[in-house]
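Per-entry structural report
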Amino acid sequence: MSFKLITKKKEYSLGEKILVMGILNLTPDSFSDGGLYKTVDEAVKRAKIMVEEGAHIIDVGAESTRPNFDYVSEQEELERLLPVITRLVKEIEVPISIDTYKANVAKACIEAGADIINDITGFKGDPNMAQVVAENNVPCILMHTRGTPQNIHAETTYKDIVKEVSEELQECLDIALNAGVKKEKIILDPGIGFNKSLNENIQLIDKLSKLKKLGYPILMAASRKRFIGEILDAEVNDRLEGTLAVSIISAREGANLIRVHDVKETVKALKIVNYMKKLVL
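Residues numbered from 1 in each chain as written. Predicted model: local features only at pLDDT ≥ 70, side-chain atom pairs only at ≥ 80, totals over all residues. Heavy atoms only, no water.

Taken together, the 8 strands give an open sheet; going across it, the order is 8-7-6-5-4-3-10-9, and neighbouring strands pair in parallel fashion. The open sheet is flanked by strand 8 (186-189) and strand 9 (219-220), the only strands paired with a single partner. Of the pairings in the sheet, the one linking strand 3 (residues 19-25) to strand 4 (residues 57-61) comprises 5 bridges and is parallel in character. The residue of strand 4 that forms the bridge with Leu24 is Val60. (Pairing = 2+ DSSP bridges. Helix = DSSP H or I, 4+ residues; strand = E, 2+ residues; numbered from the N terminus.)

Structure representation (structure tokens):
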């Protein structure tokens, strides 16, 4: 199945190769890299390094979504985001994605030059988000989770994880499409690590191809997450090999984009996957 990702800066054919999205957290409390980029210069430098390493998209977030994260107001989120976005728009050539579930934040970032909105609530967290995306005609990423942004890590029960995630992603799709978001502007994220146990995460990754039946590109965002640490018995900064394994398996199962902290290593690993795809297509 072939898809295109069309942004103001770039057009990518998602059927030809797997894209890499580099993570840029402007937060003091993110589970992996919180507090590393405290100034605008440090954040811009990190983004440029990821682009040099081969990142196709830079995903910028200013509110942590780790377990027990601290809520950030719209004003504080924008105070963190806008100075960095303003610089990145001028200084890097790849699209900029904004990791936010707040419509006013998304609107301001799009006006500042951001290209993509990455919503962890799948448009369920803010009733105005779908309209903002539709009116601005930008690509969006709809992630699966349950509950509100404040309890996205609460325990929940699934009888059939793949079936239920598919059904609940369809609910997100309905919100988007009913608001006027174009089908070709939508990417889905199964929400690995959110409201899901270790085995449920593994089942979703193993059956990722079933989610492709919804008819949309898939983003895999499992970088350094807890389930990888549980399998490897490894702390957060010692999960590179596990993340690479998940990324490669996900790519083979049909993921079109991979969101990671470790861009250089992921780009190299996916070159092998992309090369093999060319041989079998």
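Having seen it, we continue.
This next bit is on helix 6 (residues 198-206). The set of residues buried in helix 6 consists of Glu200, Asn201, Leu204 and Ile205. End-on, the buried residues of helix 6 take up no more than an arc of 135 degrees, which puts them together on one face. As for helix 6, its buried residues are in contact with helix 5 (161-179), helix 7 (208-211), strand 9, helix 8 (226-232) and helix 9 (240-253). (Buried < 20%, exposed > 50% of the residue type's maximum accessible area, 1.4 Å probe, protein only. Arc of directions from axis to C-beta. Contact = heavy atoms within 4.5 Å.)

With that settled, the discussion passes to a nonpolar patch on the surface. Residues Ile202, Ile231 and Leu232 make up a contiguous nonpolar surface patch of about 250 Å² in total accessible area. For Ile202, the position within the fold is in helix 6. (Patch = residues over 30% accessible without salt bridge, like charges linked within 9 Å, V, L, I, M, F, W, Y side chains within 5 Å. Areas by Shrake-Rupley, 256 points an atom, 1.4 Å probe, with all protein chains shown as cover. Salt bridge = Lys/Arg side-chain N within 4 Å of Asp/Glu carboxyl O.)

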